[in-house]
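Below, each chain spelled out in residue letters.
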Number of protein chains: 2
Amino acid sequence: MNRSELLVIGGVAAGMSAASRARRADPRLSITVLEKSRDVSYSACGLPWLAAGKLAARDLVVHDADFFRQKREIDVRTGVEAREIELGRRLVRGVETETGREQTFHFDRLVIATGARVAWPTIERLPHMFSANTLASVGALDVCIRQTNARQAVVLGGGYIGLETADALRTRGLSVTVLQRAERILRPFDDEITSRVEHTMTARGISLRKGSAAVAVNDSEVVSDAGRHPAQLVVVATGMRPDTDLAETASLTLGPTGAIAVDDRMRTSEPSIFAAGDCAESRHLVTGRAVWLPLGTTANKQGRVAGENAAGLSGHARFPGVAGTMVTEICGLECARTGLSEREAEAFSLRTRSVGIEQYTHASYLGAGKVFAKLTAERGSGRLLGAQMAGPGAGKRIDVAATAITARMTVEELSQLDLSYHPAVAPVWEALLVAAHEIMKQV
Amino acid sequence: MNRSELLVIGGVAAGMSAASRARRADPRLSITVLEKSRDVSYSACGLPWLAAGKLAARDLVVHDADFFRQKREIDVRTGVEAREIELGRRLVRGVETETGREQTFHFDRLVIATGARVAWPTIERLPHMFSANTLASVGALDVCIRQTNARQAVVLGGGYIGLETADALRTRGLSVTVLQRAERILRPFDDEITSRVEHTMTARGISLRKGSAAVAVNDSEVVSDAGRHPAQLVVVATGMRPDTDLAETASLTLGPTGAIAVDDRMRTSEPSIFAAGDCAESRHLVTGRAVWLPLGTTANKQGRVAGENAAGLSGHARFPGVAGTMVTEICGLECARTGLSEREAEAFSLRTRSVGIEQYTHASYLGAGKVFAKLTAERGSGRLLGAQMAGPGAGKRIDVAATAITARMTVEELSQLDLSYHPAVAPVWEALLVAAHEIMKQV
């Protein structure tokens, strides 16, 4: 009896989660992973610490390829880029990135985990320009700083990747300017949060130019519509796009977001092909609509579900969707969100009420600081639609709102939750509860 | 038109919450609070910091009596102990604690917030013995340490109040022995947590004697069935009892726990009398049964509901119950729980499965420590019954489980939650999610 062949394209978060989960589900399965870079299974979310020079590239690697080969019997092929799916013959054609030599791989089931790539602006690529989203690129950025003694950097893009990288370079002593094409930074957050981030960034010395995009780059400066910015180093963080090139070779259906459409079993439009991670869509638990929210934790969860289902002929693992939870920390300010922002809710024509409050993180007599919390609820029903927080502990505190949103709680139900209290840990009325009490007066 | 008269008995957490909330609900109401001690509205949960000598008594006072008199028009009478409710004439009889002079107070509605008191063991009370539950008593303990230069302390009782106080005295340089009558400490927690606490305590030099109770105390030692323990200072934390003496003078119904029975509007068996805080029961959200869990956060919430309903002739505020959430920190080890412990679930004859796992608190490459998480679920249904955690961030992390329990989630639903992830804040798989995945294999 031949062993079934599972082929996984992409070896970072979603791909290696899928492969590992498939191995646990079926010890007999033949599993091959193709990864175009030299690196598998690393923490992309940890790249800012590499940019800051605080970690070495190898510190971010959870397991190397040999681990997967030896401990999990997964045939990991690094340096192989998949180029085309030939559906009829159940083949994937790839090339060795160093030699250009073609290779073909048979599959019974396929998991596409090709991730996302930077939406590079229409400017020349020069050797001192680095994207902030791969281990290879940020590793090269780190080497550049060590070898060239760069003192000035320009970061293109004011999303969380751009801002975390800008902060990392700042802690390394570089003078940093962020150019953000839009008039707002950190799109997933409302103004109450972004204004706090801007204040914190500029107080730490980062120069932020909103409504300003690069028009040209040369060895010593970035030219924007706002002027000239000296830079021996340029970080390109101008947004991400799902990498769907491979999926399109098999005419897999893309969703309204431009990412690969999947069902809750992570199946694409072709039943034997699954997709997971930054190349795939998710269902949003509040709106029920397809969304594209490329985040490491979602990639791991989707990969796990795709791997379990791809391993079995009839897997039952389900990925119910995302609440839209995310955390970023910029210049020491922890910002977290879940559900819909007020802007997002209004874009969905939901009738909303929002409140923002500040509350101590724990007992004021122990010298506690304050955390800001904003809630958005549906008028009439009082249903909790979203929460945003900024300040100490925002990341773990937002999880209560993520759980409440998943359970479709109202703000009244949120206000009555029996949350932990201890003078060193939390106030009697946790920030989310104070905000819930406030918003109840309005919905 | 006469103003309605609201009388509140007890001026700490529940009582002052009730009075404040009633004032907001009805600006015209006459509100009087009787408090037998000299202190109102202080944080009882912060008393260990007073015992540790790190704070002054006044630091724990949220608002003093003058604040309530002037800012909220609440007639606060400290030093007045309520002794009897005369239901027919709607009077409460009290005495001034210093003079013994009798006073009577009329009420239209009454809130009883008499709190809890120490279940003092059957041994003599001496001047160097202090309970750990009131500002006056712990303030006196602090003075005793400063004036007598006590070097050795014995703490009677291994509940969280006893252990937090023991830890506080240790940080002050005292040699501390804890005598616990039962064979286990920290009853709300299962052995996986208590063994970690014992290890941490003894590693920090606290001597713990389980199965050992004081039989006599004199000026220089505590005599237990295990031997003689030198002590210039004795802390009595041998458990608490609801203070129902006043309620019993009006023949109010007590519940199965011995505390005052209340409905979800905090009404007692007498419709014009409400009860809140440590003297009252709650409904447990998992079992649906009455429980007595005297905690500051519950007291505040119940007080708020009692105050709102007592202020209006037909208040609609509801207190839905408690999930059993609590946090304690002993010798730097943060321990949190919610729902039912495995022991509690088994005492309810529930068919359970439990798992315990350890997981990083955030990215291991950033030097994260580990947190322990135990989940208990109902076999068959997979319903989440309880969670316990020990380690960094346990307090805020447990809130997700408290929310999930309130929403009656299964462990599968818990495992799929979209919780926050950021290398500096949380791991990709939060401890509760890892535990949920583990327990799903068993339920």
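Keep in mind the model is a prediction, meaning the values are calculated, not measured. (Residues numbered from 1 in each chain as written. Chains lettered and ligands numbered in written order. Predicted model: local features only at pLDDT ≥ 70, side-chain atom pairs only at ≥ 80, totals over all residues. Heavy atoms only, no water.)

### Comments concerning the domain arrangement of chain A
Residue and element names in this part refer to chain A.
Right, on to step 1. With domains assigned, chain A is organised as domain 1 (5-44 + 57-115 + 241-311), domain 2 (120-236) and domain 3 (337-440).
Right, on to step 2. Computed over C-alpha atoms, the centres of domain 1 and domain 2 are 30 Å apart.
Right, on to step 3. Residue-level contacts link 8 residues of domain 1 with 5 residues of domain 2.
Right, on to step 4. Summed over both sides, the interface between domain 1 and domain 2 buries roughly 430 Å², with carbon and sulfur atoms accounting for 66% of that surface.
Right, on to step 5. The largest per-residue losses of area from domain 1 upon contact with domain 2 belong to Asp39, Tyr42 and Ala57, which jointly make up 63% of the total buried on that side.
Right, on to step 6. At the boundary of domain 1 with domain 2, the tally comes to 0 salt bridges.
Right, on to step 7. Between domain 1 and domain 2 we count 1 residue pair in polar contact (both at pLDDT 80 or more) in total. (Domains from an automatic or database assignment. Contact = heavy atoms within 4.5 Å. Buried area = accessible area lost by both parts, 1.4 Å probe. Salt bridge = Lys/Arg side-chain N within 4 Å of Asp/Glu carboxyl O. Polar contact = N/O pair within 3.5 Å; in protein donor to acceptor, adjacent residues only side chain to side chain.)

### As for unusual backbone geometry
Residues and elements named next belong to chain B.
Right, on to step 1. With phi around 55 degrees, Ser251 is a residue other than glycine that occupies positive phi space.
Right, on to step 2. Note on Ser251: relative accessible area 63%, which makes it exposed.
Right, on to step 3. Positive phi outside glycine occurs at Ser349, with the angle close to 60 degrees. (Buried < 20%, exposed > 50% of the residue type's maximum accessible area, 1.4 Å probe, protein only.)

### Section: the environment of Glu346 of chain A
All names here are of chain A.
Right, on to step 1. If you trace the backbone, Glu346 turns up in helix α9 (residues 342-347).
Right, on to step 2. For Glu346, a relative accessible area of 44% corresponds to the partly exposed category.
Right, on to step 3. It is 26 Å that separates the C-alpha atoms of Glu346 and His199, two residues lying 147 residues apart in sequence. (Helix = DSSP H or I, 4+ residues; strand = E, 2+ residues; numbered from the N terminus.)

### Points about the confidence of the model for chain A
Right, on to step 1. Of all residues in chain A, 99% attain a pLDDT of 70 or more, and the chain-wide mean is 96.
Right, on to step 2. For this predicted complex, the interface confidence reaches an ipTM of 0.96, while the overall pTM sits at 0.96. (pLDDT = per-residue confidence, 0-100.)

### Describing the sheet that holds strand β2 (residues 30-35) of chain A
All names here are of chain A.
Right, on to step 1. Overall, parallel pairing links the 5 strands, which are arranged β3-β2-β1-β7-β18 in an open sheet. Edge positions in the open sheet fall to β3 (75-78) and β18 (273-275), since each of these has one partner strand only. Averaged over all adjacent pairs, the angle separating strand axes in this sheet is 15 degrees, with direction ignored.
Right, on to step 2. Strand direction decides the pairing type here: strand β7 (residues 109-112) and β18, joined by 3 bridges, are parallel. Bridge assignment links Leu110 to a residue of β18, and that residue is Ile273.
Right, on to step 3. Along the sheet face, helix α1 (residues 13-25) touches β1 (5-9), β2, β3 and β7 and points at about 170 degrees away from the line of β2. (Pairing = 2+ DSSP bridges. Axes fitted to C-alpha atoms, helices over the stretch in contact; angles between N-to-C directions.)

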